[in-house]
Amino acid sequence: MVQCHRPPSTKTTVPPSCRRSTRYLILSTSGNFSPDTISTTPLSAPDLRLLVNRLESHSLRIKSKVQSYLLAHHSEFSDLFSTCQDAVSRTRLISDDVSDVVQLVSDRPIDVEIREVVDEIREKTKEVRVKRESLGLVNAVVGVCEALRETKEALKCGGFGFAAERIREMKVVLRVGEEEEGEPVAYVLLRKEWSDCFDEIQEVLAKVMESAVLFELDSRELRISYQLSVGETTGIALRTVLEAMEVIGMLDYGLAKAADSIFKHVITPAVTHSSTFVAVEDSCKTSGEITEATLKLEQSSDHKTEDVDGDAIYSGVLTVVKFICSSLCFGNVTWIHSFVRLTWPRISELIISKFLSKVVPEDASKFADFQKVIERTSQFETALKELSFVSPSDSEGRLSKYAENVEVHFASRKKIEILAKARSLMLQCNFTIPQGLATSLKSDGADESLDANSSKHIVRLLFSSEMCVVSEAASQLVHLVHKTLEDVCVSSARVALEFYHAARDSILLYEAVVPVKLGKQLNGINQAAVLLHNDCLYLFEEILGLAFEYRASFPSSIKEYAVFADIAPRFKLMAEEVLQRQVQLVISSLQEAIDSADGFQDTHQIKQFESAKFSVEQVVFSLEKVHLIWEPVLRPKTYKQSMCMVLESVFRRITRDILLLDDMAADETFQLQRLIHLMLENLSSLLGSLKSADDTSRPLDDLIPSLQLLDMPLKSITSAWESGELFSCNYTRTEVQDFIKAIFTDSPLRKECLWRIEDVG
C-alpha cells in the first residue's frame, strides 16, 4: 500500500528576530540600503514581490543542485536501496523462523527434556568427581604405604633422620590425633600402620640411645659413645639419633633410661659422697674425631669429713651437669631441657634431703654460717641457669627458695618453741619457795652460799642491786628472754625479727597466764601473791635494762623499732596492785578480829575481858601468820613498809575504840593495859623483825604511841600534846580530851590540863 504525503507548505513564516535581516537582504539587493532605514522604513508591496521572486529563484537553484547530485551518485543510491531491500527480506525470514519455533514449543514442551538432560549431566559429573576422589585416595594410600615402606627400609639401614622426617610428615597427612567418624577404613588401617611404624622407630632409637650412654660399675665411669650401630649398620652419629628423637617428639622417652642411669650412678654419689669422690672428664679420639666422652668418679685426695657449706656437692654436681650439657646434649637447649625435665626434680629433692635439711642450724648463733650455704646455693643455681639446666617451672630457684625459707621456718619454729617453753614454765611453777631460803638469803655471803635450787629463786635486782626472792617461773623466763635476745644479736634480719617478737611475747605471756593460773590465790593471804609481786618488780627492772644491754648488738633493721620500755610499766603497776591488795586483805581480816572485842567495853568484867583477850590473840595470830608469809619473800624495805601499814591500821583501830570509852574505872584501865601489854609481848618477834628490816624507813615507835597512853601520867599526856607528838600521830584535840576525861577523875589538875590542851593551837 502506497501512502501519499502532502508536500510541505511553501508559505514561510519569518520569525520577528529575522525580519530585520530579511529586510536588510532585500534592501541590499535593491540597492536602496541605508542603515538608518533598517529599523524605521516599512516594506512596501514591490519590496515583498521582489523578495518572493528572489526566494523562488533561490529555491529553483537549490533543487537543480540536488537533482544534479542525485544523478551524479545514482549507482551509490541504487546499492543503498538494494541493501535495504535485502535487510527487509532477511527480517521476514527471521520472523518466519521465530513463528515456527513458537509453534513448535507450543505443540511439545522442551523444558522437560532440558531438565532431564541437566540432571543427567549433573549425575555424570558427580560420578566423575567420586571416581577422581577415589583415585586421589588410592594415590594417597599408595603414597602413604610407600612412605611407610621407605621409612622402615631407612630405619633398617640406620637412616634415622629420613625415617623421622617421614614419620612426622605421615602424621600430618593421616591427621593422627584428629580422627573423625565416618572416615574411610583405609585411613584407620593406615593410622594403625603408622602407629606400628612409630613404635618401631621409637624402640629402635631408645635402644640405640641406651647403648650410647653406659655406666661401668667396676671402674665407676660414665661413657658416652658418639659412633653407634644398628644391626649391620655402623657409624651412626649420636647427634643424628637425638635429632631424630626430637623430630618425632620422643626426646623424653628416649633419654629416660640414660637420665635414670646418670642420676643413680653419677649424680647421687656426687651429692651423698661429695667428700669421697670427684668427677673427672676424659675423651677418646679416633682419626682426629672424638668417638667417646668419659666422666669418671675418682677417689678424692681431700678427705674432708664434712661439707658444711656445700662447695664439694655443688661443684661435683655442676661438673656432671656441664659434662651432660656438652657431651650428651651438645649444647642444644631443647635437648638440655628434656634432660632437665627428667632429672631436675629428683636432683633438687636429693640435695634438699641429703644436704640442705641436714645443715640447718639448731642454734641461732650458727645461722650466720648458714648464710654461706644460702649464697653458695644461689651461685649454684645461677651457674645452672647459665647452662640452661633449669626447668621452666622452676624459674624462682627451688633450692634457693628452700634455703631462704629454712631461715624463716627455723625462726618461726624457734619462736613457737620459745613461747611454748615460757608458757610451760609458768603453768608448771607452783609459786612457792624452798624451806630455809630466807635464812640463806639473810646470811652473809649469800651469793656464794646459794645452791643450784636456791639460785633459781634468789636474784639481784638490776637497778637497786638488792637481793630478791622470785618464783622459778620468773627467773627462768628472764633467762629465756636473755638467751633469745642473744640469738637476736647473732642472727640474720628475718630470724632476728622473729626472735625479737618471741622475747616480747614471752614477757607479755607472763602477764596473761600467771594471774589466771593463780586465780583465787590472789584473793587470799598467801605466799604466791607476794611472789607475784616480786616477780613483777623483777621483770620490771629487767625489761627496762634489756634495750640498754642488747640494742647496740641488734641488727640494724631491728634497732629502728626494737623497744621494751612500753611493756615495763604494766609490770610495775601489777606489782603495786598485788601488794596493795594483800595489805588490804590483811587489814580487813584484822579489822574483823578486832570487831569481836566489842569496842573493849567493860573489860573489868571477866566475860568481857576474855572476849577482848580472844580478839587480841586473833589479831596477834593473824599478824604472826602474815609475818611468816611476808618476811621470807618481800624485800626488807617493802616488808617493813607493808607491815607498818598493817600495824598502824590495827593500833589506830584499837586506840580509836579505847578513846570512845566513857568514864573508865580503875580496874577497867588496868585490864586494858594488861591486854595491850599482852599483845605487844606476843608481837615482840614481829616487832623485832621490823627493827632489823630497814633502818631508813619510818621509826617503829611512831606506830604505837597510842598504846602507851594508858601508861602515861596526866601531865605527860598534856606535855605530849603541847609538843605536837600526839598530833603527829593523828590524834585530835577532842580525842585527847575525851581520853583524859575517861581515864582521870575530875580534879583541878585535870581541869588545868584540859585547859592547856584547849589553849594549844
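Think of each chain on its own: its residues are numbered from 1, step by step along the sequence as written. Residues qualify for local features only when their pLDDT is at least 70, as the model is predicted, and side-chain atom pairs are given and counted only at 80 or more; totals for whole chains, interfaces and linings, by contrast, use all residues. With hydrogens and water set aside, each side-chain value is computed from the structure's full complement of heavy atoms.

Using the following cut-off: UniProt positions are given in the numbering used here, feature names are shortened, and annotations may be inferred rather than shown by experiment.
Going by the annotation in an unreviewed UniProt entry, the name recorded for the chain is Centromere/kinetochore protein zw10 homolog, with Brassica oleracea var. oleracea given as the source organism. According to its UniProt record, the chain has this under Sequence similarities (unreviewed entry): "Belongs to the ZW10 family."

### Notes on the overall build of the chain
We count it as follows: Numbering of helices and strands runs from the N terminus; a helix is a DSSP stretch of H or I covering at least four residues, while a strand is a stretch of E covering at least two. Think of it in three bands: residues with accessible area under 20% of the maximum for their type are buried, residues over 50% are exposed, and the middle band is partly exposed, with areas taken using a 1.4 Å probe on protein chains only. Note on contacts: a residue pair qualifies if any of its non-hydrogen atoms lie within 4.5 Å across the two residues. In these tables, accessible area is a Shrake-Rupley quantity obtained with a 1.4 Å probe, and a residue counts as shielded only by the protein chains included in the view.
Secondary structure assignment for the chain yields 28 helices and 8 strands. Out of the 761 residues belonging to the chain, those deemed buried represent 40%. Long-range contacts, defined as pairs at least 24 residues apart, comprise 72% of the intrachain contacts of the chain with a sequence gap of at least 6. Accessible area of the chain: about 42700 Å², with a carbon and sulfur share of 54%.

### Focus on the confidence of the model for the chain
For the record, the criterion: On a scale of 0 to 100, pLDDT captures the predictor's confidence in every residue.
On average, residues of the chain carry a pLDDT of 79, and 81% of them reach 70 or more. Every residue in residues 1-39 is under pLDDT 50, and counting partners more than four places away or in other chains gives 22 contacts. pLDDT under 50 marks residues 444-449. Its contacts with residues more than four places away, or in other chains, come to 6 contacts.

### Here we look at the environment of Ser 68
Test applied: What qualifies as a polar contact is a pair of N or O atoms within 3.5 Å, subject to a donor-acceptor requirement within protein and to the restriction that residues adjacent in sequence count only when both atoms come from side chains.
Inspection of the secondary structure puts Ser 68 in helix H2 (residues 45-72). There is a polar contact of 2.9 Å between the side chain of Ser 68 and the backbone oxygen of Ser 64.

### Digging into the state of the cysteines
Counted only if it meets this: Sulfur atoms of two cysteines make up a disulfide when they are within 2.5 Å.
Scanning the model with the defined rule gives 0 disulfides in all. Distance from the sulfur of Cys 325, which forms no disulfide, to the nearest cysteine sulfur (Cys 329) is 6.0 Å.

### Observations concerning the pattern of salt bridges
This is how it is decided: By definition, a salt bridge exists where a carboxyl oxygen of Asp or Glu is found within 4 Å of a side-chain nitrogen of Lys or Arg.
In total, this model carries 23 salt bridges according to the counting rule given. Put simply, Lys 414 and Glu 417 hold a salt bridge, and the shortest N to O gap is 3.6 Å. Placement of the pair is Lys 414 and Glu 417 together in helix H12 (residues 398-428), with a separation of 3 residues, close to one helical turn. Note on Lys 414: relative accessible area 19%, which makes it buried. For Glu 417, a relative accessible area of 39% gives the class partly exposed. Across the salt bridge formed by Glu 648 and Arg 652, the nearest N and O atoms sit 3.5 Å from each other. Of this pair, Glu 648 and Arg 652 both sit in helix H22 (residues 636-659), 4 residues apart, which is roughly one turn of that helix. Salt bridges linked by common partners bring Glu 216, Glu 221, Arg 223, Glu 292 and Lys 296 together as one network.

### Topic: the packing of aromatic side chains
Quick note on the threshold: Two rings from Phe, Tyr or Trp (for Trp, the six-membered ring) form a pair when their centres are within 6.5 Å of each other. A pair whose planes differ by under 30 degrees is stacked, one over 60 is edge-to-face, and the rest are tilted.
This model, assessed by the stated rule, comprises 10 aromatic pairs. An angle of 20° between the planes, with centres 4.6 Å apart, marks the rings of Tyr 314 and Phe 380 as stacked. Of this pair, Tyr 314 sits in helix H9 (residues 311-328) while Phe 380 sits in helix H11 (residues 367-386), and the two are 66 residues apart along the sequence. When sorted by exposure, Tyr 314 lands in the same class as Phe 380, which is buried. Geometrically, the ring pair formed by Phe 330 and Trp 335 is edge-to-face, given 6.3 Å between the ring centres and 80° between the ring planes. Residue class for Trp 335 comes out buried when judged on its relative accessible area of 2%.

### A few points about a nonpolar patch on the surface
Keep this limit in mind: The patch calculation keeps residues exceeding 30% relative accessible area without a salt bridge and links them within 9 Å when they carry like charges or within 5 Å when they are nonpolar (Val, Leu, Ile, Met, Phe, Trp, Tyr).
On the surface, a cluster of nonpolar side chains totalling about 390 Å² of accessible area is made up of Ile 62, Val 66, Tyr 69 and Leu 70. Positionally, Leu 70 belongs in helix H2.

### Comments concerning the packing of helix H7 (residues 238-247) against helix H8 (residues 251-272)
Basically, it comes down to this: Every angle, taken between N-to-C directions, lies between 0 and 180 degrees, and every axis is a line fitted to C-alpha atoms, over only the stretch in contact when it is a helix. Throughout, the term roughly parallel applies to angles under 35 degrees, roughly antiparallel to angles over 145, roughly perpendicular to angles from 65 to 115, and oblique to all others. Under the scheme applied, nonpolar residues are Ala, Val, Leu, Ile, Met, Phe, Trp, Tyr, Cys and Pro; charged residues are Asp, Glu, Lys and Arg; polar residues are all the others, including Gly.
In the contact formed by H7 and H8, the axes pass within 8 Å of each other and the chain directions differ by 135°. Relative to H8, the element H7 lies oblique. Across the interface between the two elements, Leu 242, Met 245 and Glu 246 of H7 pack against Leu 251, Gly 254 and Leu 255 of H8. Classifying every residue of the contact of H7 with H8 gives 4 nonpolar, 1 polar and 1 charged.

### Examining the side chain of Gln 582
Within the secondary structure, Gln 582 sits in helix H20 (residues 568-595). Filtering out sequence-adjacent residues up to four positions away, Gln 582 remains in contact with Leu 522, Gly 524, Ile 525, Asn 526, Ala 529, Val 530 and Trp 630.

### Quick word on helix H25 (residues 714-722)
Threshold: This arc is built from the directions going out from the helix axis to the C-beta atoms.
Within the sequence span of H25, burial applies to Leu 714, Ile 717, Thr 718, Ala 720 and Trp 721. Buried residues along H25 cover an arc of 160° about the axis, so they all sit on one side. Gly 724 occupies a position one or two residues after H25 and carries a positive phi of about 90°.

### Thoughts on the pairing of strand E2 (residues 221-225)
For clarity, the cut-off: Two strands qualify as a pair provided DSSP detects at least 2 bridges between them.
Where burial is concerned, most of E2 is hidden: 4 out of the 5 residues are buried. Bridge count between strand E1 (residues 213-216) and E2: 4 bridges; the pairing is antiparallel. Looking at the pairing, Glu 216 lines up with Glu 221 of E2. Two successive antiparallel strands, E1 and E2, enclose a turn made up of 4 residues, where Arg 220 displays a positive phi of approximately 55°.

### A short note on the nonpolar core
How we decide: Among buried residues, those of type Ala, Val, Leu, Ile, Met, Phe, Trp, Tyr and Cys that are joined through side-chain atoms within 4.5 Å constitute a nonpolar core. Segmentation of the chain into domains, including their bounds, is taken from an automatic or database domain assignment.
Judged by nonpolar contacts, the single largest core of 108 residues is most densely connected at Tyr 510 and Trp 630. Top element by residues in this core is helix H18 (residues 527-550). It accounts for 13 residues. Two domains each donate at least three residues to this core, and these are domain 2 (425-434 + 457-579) and domain 3 (582-760). The residues touching Tyr 510, leaving out its near neighbours within four places in the chain, are Met 426, Phe 431, Ser 471, Leu 477, Pro 515, Leu 532, Asp 535, Cys 536, Leu 539 and Phe 571.

### Describing unusual backbone geometry
Even without a glycine there, the phi angle at Arg 220 is positive, about 55°. Mapping Arg 220 onto the fold places it in the loop between E1 and E2. Residue Ser 388 is not a glycine yet carries a positive backbone phi of 65°. On the secondary structure map, Ser 388 appears in the loop between H11 and H12.

### Concerning helix H10 (residues 333-354)
Heads up, the rule is: Note on bend: at a given residue it equals the angle between the axes fitted to the 7 residues ending there and to the 7 starting there.
Of all the bends in H10, the greatest, near 45°, is centred on Thr 343, and the proline Pro 345 appears no more than four residues after it. Within H10 the residues assigned to the buried category are Trp 335, Ile 336, Ser 338, Phe 339, Val 340, Thr 343, Trp 344, Ile 347, Ser 348, Leu 350, Ile 351 and Ile 352. The opening residue of H10 is Asn 332, an N-cap whose side-chain oxygen sits 2.9 Å from the backbone nitrogen of Thr 334.

### Focus on the packing of H8 against H9
The geometry of H8 relative to H9 is characterised by a closest axis approach of 7 Å and an angle of 150° between their N-to-C directions. In this view, H8 runs roughly antiparallel relative to H9, as classed from their interaxial angle. The segment H8 lies against H9, with Ile 262, Val 266, Ile 267, Ala 270 and Val 271 engaging Ile 313, Gly 316, Val 317, Val 320, Ile 324 and Leu 328.

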